Number of protein chains: 2
Amino acid sequence: MITGRNYIGNQLSSKGNKTYKTFNPELNIENKTVFTEATSEEIDEAVSLASTAFKAFKSVSGKQKSDFLNAIADEIIALDEELINTYCSETGLPEGRAKGERGRTIFQLRSFADLVLEGSWVEASIDTAVPNREPLPKPDLRKMLIPLGPVVVFGASNFPLAYSTVGGDTAAALAAGCPVIVKSHPMHAGTGELVAFAIIKAAEKTNMPNGVFSNLNSSGIEVGEQLVKHSKVKAVGFTGSIKGGRALYDMASQREEPIPVFAEMGSINPVVILPEALKERGETLAKTYAGSITLGTGQFCTNPGLILGIKSEHLEAFIEKLSTEIVEIEPSCMLHPNIHGAYNRNKETAVSQQELQVVADYDNNVRSNYAKQAVVTVKGDNFLSNTKLQQEVFGPFSMVVQCDDKTQLEQIIWQLEGQLTGTLISNDTEISNYPELISALQNRVGRLIFNGVPTGVEVCPSMVHGGPYPSSTDSRFTAVGIHSIKRWVRPFSFQNWPNTLLPDELKNENPSGIIRNINGKLSKETIKDKL
Amino acid sequence: MITGRNYIGNQLSSKGNKTYKTFNPELNIENKTVFTEATSEEIDEAVSLASTAFKAFKSVSGKQKSDFLNAIADEIIALDEELINTYCSETGLPEGRAKGERGRTIFQLRSFADLVLEGSWVEASIDTAVPNREPLPKPDLRKMLIPLGPVVVFGASNFPLAYSTVGGDTAAALAAGCPVIVKSHPMHAGTGELVAFAIIKAAEKTNMPNGVFSNLNSSGIEVGEQLVKHSKVKAVGFTGSIKGGRALYDMASQREEPIPVFAEMGSINPVVILPEALKERGETLAKTYAGSITLGTGQFCTNPGLILGIKSEHLEAFIEKLSTEIVEIEPSCMLHPNIHGAYNRNKETAVSQQELQVVADYDNNVRSNYAKQAVVTVKGDNFLSNTKLQQEVFGPFSMVVQCDDKTQLEQIIWQLEGQLTGTLISNDTEISNYPELISALQNRVGRLIFNGVPTGVEVCPSMVHGGPYPSSTDSRFTAVGIHSIKRWVRPFSFQNWPNTLLPDELKNENPSGIIRNINGKLSKETIKDKL
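Residues numbered from 1 in each chain as written. Chains lettered and ligands numbered in written order. Predicted model: local features only at pLDDT ≥ 70, side-chain atom pairs only at ≥ 80, totals over all residues. Heavy atoms only, no water.

As recorded by an unreviewed UniProt entry, chain A carries the name Aldehyde dehydrogenase (NADP(+)) and is attributed to Seonamhaeicola maritimus.

Caption draft 1: Structural context of the UniProt feature "domain: Aldehyde dehydrogenase" (unreviewed entry) in chain A. In this structure's numbering, the residues bearing the UniProt feature "domain: Aldehyde dehydrogenase" (unreviewed entry) are residues 15–474 of chain A. Counted over residues 15–474 of chain A, helix gives 42% and strand 17%. Its end C-alpha atoms are 36 Å apart. (UniProt positions renumbered as here; feature names shortened; annotations may be inferred. Helix = DSSP H or I, 4+ residues; strand = E, 2+ residues; numbered from the N terminus.)

Caption draft 2: Broad picture of the packing of helix H2 (residues 62–91) of chain B against helix H3 (residues 95–118) of chain B. All names here are of chain B. It is the contact of H2 with H3, at a shortest axis distance of 8 Å, that shows an interaxial angle of 175 degrees. Regarding the angle of H2 to H3, the classification is roughly antiparallel. For the contact of H2 with H3, a count of residues per class yields 16 nonpolar, three polar and 11 charged. (Axes fitted to C-alpha atoms, helices over the stretch in contact; angles between N-to-C directions. Parallel < 35°, antiparallel > 145°, perpendicular 65-115°, else oblique. Nonpolar A, V, L, I, M, F, W, Y, C, P; charged D, E, K, R; others polar.)

Caption draft 3: Seen up close, the pairing of strand E21 (residues 489–495) of chain A. All names here are of chain A. Where burial is concerned, most of E21 is hidden: seven out of the seven residues are buried. Alternating residues of E21 divide into Val 489, Pro 491, Ser 493 and Gln 495 and Arg 490, Phe 492 and Phe 494, and every residue in both groups is buried. In this sheet, E21 lies alongside strand E8 (residues 141–147) in antiparallel orientation, the contact comprising seven bridges. Residue pairing in the sheet places Lys 143 in a bridge with Ser 493 of E21. (Buried < 20%, exposed > 50% of the residue type's maximum accessible area, 1.4 Å probe, protein only. Pairing = 2+ DSSP bridges.)

Caption draft 4: Spatial organisation of the sheet that holds strand E17 (residues 374–379) of chain B. Pairing in this open sheet of 12 strands is mixed, and the strands run E23(A)-E22(A)-E7(A)-E8(A)-E21(A)-E20(B)-E19(B)-E14(B)-E15(B)-E18(B)-E17(B)-E16(B) from one edge to the other. Of all the strands in the sheet, just strand E23 (521–523) of chain A together with strand E16 (357–361) of chain B have a single pairing partner and so form its edges. Along the sheet, successive strands turn relative to each other by an average axial angle of 20 degrees, direction set aside. As paired strands, strand E19 (residues 419–425) of chain B and strand E20 (residues 445–450) of chain B are joined by five bridges and run parallel to one another. Each residue of the ladder has a partner; that of Leu 424 of chain B, found in E20 of chain B, is Phe 450 of chain B.

Caption draft 5: Seen up close, the sheet that holds strand E7 (residues 125–127) of chain B. If you walk across this open sheet you meet the 12 strands as E16(A)-E17(A)-E18(A)-E15(A)-E14(A)-E19(A)-E20(A)-E21(B)-E8(B)-E7(B)-E22(B)-E23(B), and the pairing is mixed. The open sheet has two free edges, formed respectively by strand E16 (357–361) of chain A together with strand E23 (521–523) of chain B, since each of these has just one partner strand. Geometrically, the sheet is characterised by an average inter-axis angle of 20 degrees between neighbouring strands, direction not taken into account. As judged from the two bridges shared by E7 of chain B and strand E22 (residues 516–518) of chain B, these two strands associate in the parallel manner.

Caption draft 6: Summary view of the interface of chain A and chain B. The partner chain B presents 67 residues to the 67 residues of chain A that form the contact. Carbon and sulfur atoms make up 55% of the surface buried where chain A meets chain B, a total of about 6000 Å² over both sides. Counting across the chain A and chain B interface gives six salt bridges. We note a salt bridge from Asp 474 of chain A to Arg 476 of chain B, for which the minimum N-O separation is 3.2 Å. (Contact = heavy atoms within 4.5 Å. Buried area = accessible area lost by both parts, 1.4 Å probe. Salt bridge = Lys/Arg side-chain N within 4 Å of Asp/Glu carboxyl O.)

Caption draft 7: Examining unusual backbone geometry more closely. Omega for the peptide link from Glu 134 of chain A to Pro 135 of chain A comes to 0 degrees, which places this bond in the cis form. Within the element layout of this structure, Pro 135 of chain A appears in the loop between strand E7 (125–127) and E8.

Caption draft 8: Local environment of the environment of Glu 45 of chain B. All names here are of chain B. Relative to the helices and strands, Glu 45 is located in helix H1 (residues 40–57). With 37 residues separating them along the chain, Glu 45 and Ile 8 place their C-alpha atoms 7.0 Å apart. For Glu 45, the contacting residues outside a window of four places in its chain are Ile 8 and Lys 15.

Caption draft 9: Main features of empty space enclosed by the protein. Within the structure shown, the criterion is met by five cavities of 30 Å³ or more. In this structure, the largest cavity spans a volume of roughly 420 Å³. Of all the elements in the fold, those that place two or more residues in the lining of the largest cavity are E8 and E21 of chain A together with strand E8 (141–147) and strand E21 (489–495) of chain B. In the lining of the largest cavity, the residues fall into 12 nonpolar, four polar and nine charged. Quantified by volume, the second largest cavity comes out at close to 120 Å³. Together, 16 residues line the second largest cavity, and Ile 268, Gly 305, Glu 392, Val 393 and Phe 397 of chain B are the ones closest to its centre. (1 Å grid on protein atoms, 1.4 Å probe; cavity = no way out; pocket = protein on both sides within 12 Å on 5 of 7 lines; lining within 4 Å. Points joined across faces, edges and corners; volume = space filled by probe spheres on them.)

Caption draft 10: Geometry of the relation of the copies chain A and chain B. Overlaying chain A on chain B yields an RMSD of 0.0 Å, the required transformation being a rotation through 180 degrees with an accompanying axial translation of 0.0 Å. The transformation relating the two chain copies, once decomposed into turn and shift, fits a two-fold axis. In terms of C-alpha distance to the rotation axis, chain A has Ser 253 of chain A as its closest residue, with the C-alpha 3.4 Å off the axis. Most of the interface of chain A is mirrored in chain B, where 100% of its interface residues are also at the interface. (Least-squares fit on C-alpha atoms with pLDDT ≥ 70 in both.)

Caption draft 11: Summary view of the side chain of Ser 484 of chain B. All names here are of chain B. As for its position among the elements, Ser 484 is in the loop between E20 and E21. Taking relative accessible area as the criterion, Ser 484 reaches 1% and is therefore assigned buried. In this structure, Ser 484 is in contact with Phe 112, Ala 172, Thr 478 and Ala 479, ignoring residues within four places of it in sequence.

Caption draft 12: Here's a closer look at the environment of Ser 111 of chain B. Assignment of secondary structure puts Ser 111 of chain B in helix H3. The spacing of Ser 111 of chain B and Glu 256 of chain B is 145 residues in sequence and 36 Å in space, taken between C-alpha atoms.

Caption draft 13: Fine view of the pattern of salt bridges. In total, this model carries 50 salt bridges over all chains according to the counting rule given. Asp 67 of chain B is the salt-bridge partner of Lys 63 of chain B, the closest N and O atoms lying 2.8 Å from each other. Highlighted residues: Lys 63 of chain B and Asp 67 of chain B, both in helix H2, separated by four residues, approximately one helical turn. We classify Asp 67 of chain B as partly exposed; its relative accessible area is 30%. Lys 486 of chain B is the salt-bridge partner of Glu 123 of chain B, the closest N and O atoms lying 3.2 Å from each other. In this pair, Glu 123 of chain B is assigned in the loop between H3 and E7 and Lys 486 of chain B in the loop between E20 and E21, connecting sequence segments 363 residues apart. For Glu 123 of chain B, a relative accessible area of 29% corresponds to the partly exposed category. Within the structure, one salt-bridge network assembled from shared partners comprises Glu 123 and Lys 486 of chain A together with Glu 123 and Lys 486 of chain B.

Caption draft 14: Focus on helix H5 (residues 189–205) of chain A. Compared with an ideal rise of 1.5 Å per residue, which puts 17 residues at 24 Å, H5 of chain A spans 24 Å between its outermost C-alpha atoms and is within 8% of the ideal. Across the 17 residues that make up H5 of chain A, a large majority, 13, are buried. (Expected span 1.5 Å × (residues − 1).)

Caption draft 15: Molecular detail of the nonpolar core. In this structure, Phe 68 and Ile 72 of chain A together with Phe 68 and Ile 72 of chain B are the most contacted members of the largest nonpolar core, which totals 216 residues. The residues contacting Ile 72 of chain A, other than those within four sequence positions of it, are Leu 109, Val 166, Leu 174, Ala 198, Ile 199 and Ala 202 of chain A. (Core = buried A, V, L, I, M, F, W, Y, C linked by side-chain atoms within 4.5 Å.)

Caption draft 16: Structural view of the environment of Val 166 of chain A. Residue and element names in this part refer to chain A. Turning to its location among the elements, Val 166 is positioned in the loop between strand E9 (151–154) and helix H4 (168–176). Val 166 sits 61 residues away from Thr 105 along the chain, and the two C-alpha atoms are 7.6 Å apart. Excluding residues within four positions of it along the chain, Val 166 makes contact with Ile 72, Ile 76, Thr 105, Leu 109, Leu 161, Ala 171, Val 195 and Ile 199.

Caption draft 17: Quick peek at the domain arrangement of chain A. All names here are of chain A. Domain parsing of chain A yields domain 1 (13–18 + 27–265 + 478–486) and domain 2 (270–450). For domain 1 versus domain 2, the distance between C-alpha centres works out to 34 Å. Taken together, the contacts link 11 residues of domain 1 with 13 residues of domain 2. Taken over both partners, the interface formed by domain 1 and domain 2 buries close to 1100 Å², and the fraction arising from carbon and sulfur atoms is 61%. (Domains from an automatic or database assignment.)

Caption draft 18: Main features of the packing of aromatic side chains. Taken as a whole, this structure holds 19 aromatic pairs over all chains when the rule is applied. Following the ring pairs from residue to residue traces out a cluster consisting of Phe 262 and Phe 477 of chain A together with Phe 262 and Phe 477 of chain B. Its end group placed over the ring of Phe 159 of chain A, Arg 97 of chain A keeps NZ or CZ at 4.4 Å from the ring centre. The ring of Tyr 434 of chain B carries the charged tip of Lys 406 of chain B above its face, separated from the ring centre by 4.9 Å. (Phe/Tyr/Trp six-rings, centres within 6.5 Å; stacked < 30°, edge-to-face > 60°. Lys NZ or Arg CZ within 6 Å of the ring centre and 35° of its normal.)

Set out below in structure tokens:
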């Protein structure tokens, strides 16, 4: 069923000459399907279709959008084994992970379907008129969130379903009422095409306008660049490296009309282990962290790449235990030879810095594309003076920083780059001695975790996945959870607008039955007295 | 009481050599006070103080911030005649306007004081743990909005109180918990210093940390540039020209750590008058619009600079009436000789374009710095083909576009640049024939007005002041109303965090008594079962 062609709206198209294949890292061979990269003309066609589709799609009801999103989920389920097999063959990830990620993707789609069906997410706000106010009458003002326009989504290599073709970015944008053009990730182009097929089928079944979704193959940077610079594109979602995200951000902000880029990029996710916790359960923590560092071959954006402690015999013991535990774990396959190659290069660069001491480095032979996990240590002084040590090594790699004292630990935290998460490991009482440290850590991250591991990103309304730069380009939004819809909308206000012509969400009679803020009070009430 | 010095936190300082004076446009003479521009060292000191103050200010309670904001309002009232006289002497605006704007400024401060005292604005969201969920336990996640860090505010020349030193941007940032450094507007530096004095006095009375506010004099671009590029500055607010706002946006987005710039810039605020309305009440509309175009010497950001109609005898009659009415109005003083000079140059450039026909141009002698109002007309074809005609002429100037038909009118609207407002003038029935036109207009603006004038920006929660670029740099936020606080905050999430260490807003017992979203339901309830 995979054709290797692009979806330009609901039409398969392959006008170009540039082709590529995906790769099976477990078998260390290329997969068979030949994918044809989208041409400049096809890109333009997809964006034009999206722009036209927007005129209709922006006013589609919550019920219709909900049907569309649920239909996508149904069609993904219907892809069944073909999807799972393709996923595994393009990523080297095991079947259990593929199925788990599919479940997460479907949950996300249905969460957004529920959100738009219920409808209160538009944050309707109504201030009724006061015609006899002095010195001037107060007008009737009604506000709600409306979609921005066509959105371009760049999926992540490491989550081919939950953060890619119809991952959180796409689901949120469609829920908001924005058509989406996906720049397909070249490492899982087959998985991407199958998902695109599901979306197109769902769009047709639920009568969405043609152009509400397109999927463009791309193996280089040209397709993405043309999309981000296209005047009809109004926002960009991206998950990937700092270098890639920053390049897109720069392109978007240098346009004649700058557009928002929501890029979720690198993070080393600092973990602070306080002294008493280290003393009481350093051994258990070492085991837990050996598991967290190597989970999914270390290819999670919340992988714990940095562990901070104050030097002591207990920290020494923790490091020793972590080192022995981590090499006990069986190495696993990385997503692609390129990612594996980058891991080895980055690890080597890190390790070659003389301030570092390698305390664990898996040294048995492994199969092609399998990653050898490693742990290094560094003294607090050296970490402070060498900012390069903050660079992420994407893979099963972590660095333990041995700080001189509490003051140095706090100093290191204040000067950390922005991160997705920060974790604090503490016993019940000692934490109250570290208010400055918690304040500093909060300043540098988007989510604080107590006595846990950063890997594992719960999909729920209270999740924040995003943080200060460079963990994301705009810390004012989350990339996970239903509130990620806010990235793709803007507030819009109607003044003295006739009731019959208002969107349902703002009509006197509140036909959608949503919660609204009426003259400062939240309610589902109707308004009787509009002139 | 005006010293001409900078406030670096609560200290007056004038280390520099560069000085300037403000100007009284009514009297056409310089005012007496000599202002000393902030030096590079003073700028750095102000930012460092703000950065240190942030560590304390970010955790100050809603009650304390509310006291601070109310104290600022009180201190502004206490400035009494000195403020009003200084305002008038630096702007040429009449006393009534000064008092009205002071009232608006105080209303804004007290609105934010009420907002943070009540506290629900932080959008607290709580998802409680499900320890026995399969395959993995669900953690406890709690989210709320927290401040970004030090904010730099560039005030507007045309609203020396409501959109300047402690205008909407500053009030919103302080309410959010962000220290503010104001780059004082050189045209009303005395007004700015008086207001800064009020803020500093209020900060001291309510025990705010030193550095929570600074006021830096500046007559050129250097002070602003150094502020925007400073690594400890985390966001920027600006009201002014497209050129100025874009320059700041470019600086901010090219930083090593890009920061958000919320710039409210130019807008010509299109007004569409439908045929039946023109026929029924063209004459009244002409009178109303003559008033709106010249209100405040046309120096409002929502001034109606573009009026669109379909050609007919009624449109001709409207143009004729508008032309006769507008020259009946007494010219008034502009804010500054530079603004007056720019008005004359821009008007001349506009008028020199051969497609335009000048139908009204006040031609009696006027006093220095008084603006001669003008109205021009242009055919729809010409407007479409010459994009320069969309450039704002800041002052009492408007352009009427005579469209061939409905199709051309819609086409013109689709290709308009982004605008703050769009106004539709219609009778009760004809509006239903123009769904496409309304859709197009909505796409280009932040606020739609029915049968009114765009001048007049109500301060209320349902207001949107902002719109697609270039009317603002980020259409996802409003610059007016309590929701403008959202520009200066980011969501933050706590995972399994101990209840006693959570901010009050997220504690089980809800000591602030705010509305929270608990497991998807809004309530003020407490949580009993946290482990």
